Amino acid sequence: FNTWIDLRNESEILEKLAPNIIEFTDSLSNPYVTIDLLSIFWKYFDNIPNNVDALKIIERALYVVDNIKDKNTNTQRIKLYIEFKRAISLHRMDLLDDALKIFNSITEEESQDLLDPVTVFYAALYAGHIYKLKQFIPESNKSYNDVIISCEQAYLQNLPLEIYYEIKQIQQVALNSIENKSDEHLQIIERNKIQDQHKYWGSMAMSSSLYPKLFALPIKFIPS
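Quick caveat: nothing in here was measured; it's all calculated off a predicted structure. (Residues numbered from 1 in each chain as written. Predicted model: local features only at pLDDT ≥ 70, side-chain atom pairs only at ≥ 80, totals over all residues. Heavy atoms only, no water.)

Looking at the overall build of the protein chain
Part 1 of the argument: Broken down by element type, the protein chain carries 10 helices and 2 strands.
Part 2 of the argument: Written out in order from the N terminus, the α and β elements of the protein chain read α-α-α-α-α-α-α-α-β-α-α-β.
Part 3 of the argument: Relative to its full complement of 224 residues, the protein chain shows a buried share of 45%.
Part 4 of the argument: Considering only contacts in the protein chain between residues 6 or more positions apart, those separated by 24 or more positions represent 67%. (Helix = DSSP H or I, 4+ residues; strand = E, 2+ residues; numbered from the N terminus. Buried < 20%, exposed > 50% of the residue type's maximum accessible area, 1.4 Å probe, protein only. Contact = heavy atoms within 4.5 Å.)

Details of the nonpolar core
Part 1 of the argument: Of all hydrophobic cores here, the largest spans 60 residues; its most connected members are F103, F121, I167 and I170.
Part 2 of the argument: Of all the elements in the fold, those that place two or more residues in this core are α2 (31-46), α3 (52-66), α4 (73-92), α5 (96-106), α7 (117-133), α8 (137-154), α9 (161-177) and α10 (183-197).
Part 3 of the argument: Looking at this core element by element, the count peaks at 10 residues for α7.
Part 4 of the argument: Beyond its immediate stretch of four places on either side in the chain, I167 contacts V118, F121, C151, A154, Y155 and L159. (Core = buried A, V, L, I, M, F, W, Y, C linked by side-chain atoms within 4.5 Å.)

Some details on empty space enclosed by the protein
Part 1 of the argument: Counted under the stated rule, the structure contains 2 cavities of 30 Å³ or more.
Part 2 of the argument: Of the voids in this model, the largest cavity is the one considered here, and its volume is about 40 Å³.
Part 3 of the argument: Surrounding the largest cavity, F45, D46, I48, N50, N51, A54, S89, R92 and M93 form its lining.
Part 4 of the argument: Looking at the lining of the largest cavity, the elements with two or more residues in it are α2 and α4.
Part 5 of the argument: A breakdown of the residues in the lining of the largest cavity according to their chemical character gives 4 nonpolar, 3 polar and 2 charged.
Part 6 of the argument: Its boundaries defined by the atoms lining it, the second largest cavity holds a volume of some 30 Å³.
Part 7 of the argument: The wall of the second largest cavity is formed by Q112, L115, D116, P117, V120, F121, I219, K220 and F221.
Part 8 of the argument: Here the lining of the second largest cavity takes 3 residues from α7, the largest share from any one element.
Part 9 of the argument: Classifying every residue of the lining of the second largest cavity gives 6 nonpolar, 1 polar and 2 charged. (1 Å grid on protein atoms, 1.4 Å probe; cavity = no way out; pocket = protein on both sides within 12 Å on 5 of 7 lines; lining within 4 Å. Points joined across faces, edges and corners; volume = space filled by probe spheres on them. Nonpolar A, V, L, I, M, F, W, Y, C, P; charged D, E, K, R; others polar.)

A short note on α7
Part 1 of the argument: Between the first and last C-alpha of α7 there are 24 Å, a value that for 17 residues agrees with the 24 Å anticipated at 1.5 Å per step.
Part 2 of the argument: The element α7 is extensively covered by neighbouring structure, given that 13 of its 17 residues are classed as buried.
Part 3 of the argument: The residue sitting at the N-terminus of α7 and contributing the capping side-chain oxygen is D116; that oxygen lies 3.1 Å from the backbone nitrogen of V118.
Part 4 of the argument: At the exit of α7 stands Q135, carrying a positive phi of roughly 65 degrees. (Expected span 1.5 Å × (residues − 1). Polar contact = N/O pair within 3.5 Å; in protein donor to acceptor, adjacent residues only side chain to side chain.)

Focus: the packing of aromatic side chains
Part 1 of the argument: A full pass over the atoms with the stated rule returns 6 aromatic pairs.
Part 2 of the argument: With 5.4 Å between their ring centres and 55 degrees between their planes, F103 and Y126 make a pair best called tilted. Of this pair, F103 sits in helix α5 while Y126 sits in helix α7, placing them 23 residues apart in sequence.
Part 3 of the argument: For Y126, a relative accessible area of 22% corresponds to the partly exposed category.
Part 4 of the argument: Relative to Y164, the ring of Y155 has its centre 5.6 Å away and its plane inclined at 65 degrees; by these criteria the two rings are edge-to-face. With respect to class, Y155 is no different from Y164; both count as buried.
Part 5 of the argument: The rings of F84, F103, Y122 and Y126 are connected pair by pair, giving a single aromatic cluster. (Phe/Tyr/Trp six-rings, centres within 6.5 Å; stacked < 30°, edge-to-face > 60°.)

Considering unusual backbone geometry
Part 1 of the argument: Here D94, not a glycine, exhibits a phi torsion of approximately 65 degrees, which is positive.
Part 2 of the argument: Tracing the sequence through the fold places D94 in the loop between α4 and α5.

Quick notes on the confidence of the model for the protein chain
Part 1 of the argument: Taken as a whole, the protein chain shows an average pLDDT of 83; of its residues, 82% reach a score of 70 or greater.
Part 2 of the argument: Averaged over each element, pLDDT in the protein chain is lowest for strand β2 (residues 205-206) (44) and highest for α5 (96). (pLDDT = per-residue confidence, 0-100.)

Here's the deal with the pattern of salt bridges
Part 1 of the argument: Evaluation of the coordinates by the stated rule reveals 9 salt bridges.
Part 2 of the argument: We note a salt bridge from R86 to E59, for which the minimum N-O separation is 3.3 Å. Of this pair, R86 sits in helix α4 while E59 sits in helix α3; the two residues are 27 residues apart in sequence, bridging distant segments of the chain.
Part 3 of the argument: With relative accessibility at 34%, the residue E59 sits in the partly exposed group.
Part 4 of the argument: Note that E190 is salt-bridged to K193, the shortest N-O span being 3.5 Å. Separated by 3 residues within a single helix, E190 and K193 lie in helix α10, roughly one turn from each other. (Salt bridge = Lys/Arg side-chain N within 4 Å of Asp/Glu carboxyl O.)

Right under this line is the structure:
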């Protein structure tokens, strides 16, 4: 389905489909297929601001994964990814406390052992945004600083090129968002500018490799 149809700009079609999607997935016997399909639809609905259907769909996916009988590491990982998407929808709907609780849980050590570092870094970044929206400036600055430091540590690994740039983008958002930038933050900003101007290709940005290889690298989010 994802290959055949691009619904990102078809909001009217999505609104008509929404009531039928969850009902349709009731007829699917394979829970993993159901979760994949719901995740695809969630991505489309998530492009519509404050769309309650996005939240309903991802909560349906969470219900399905919770009812898988044979629990294992893979189902735990899938649940965390679904929770991450649910937090994004909650965040978009200004349900900030619920979203923040999930984002913070994703940065915990036991969650990091199951997730790729990009997802964990994004969760910490979004937590910083929520703290800032709630006017909790010390907490937001701490979250942003933790993201910046963790990205610096990630650069020490031989990252696939596309992952290096994604982590660099996360760090740049954190650098732009943090208030009262330290000398270290300003130095990182200047270094990144120089690297961008010279199209830097260091050992930290190796040629593309399989994404699962990231799980073998010691990349962690490091709370200060």
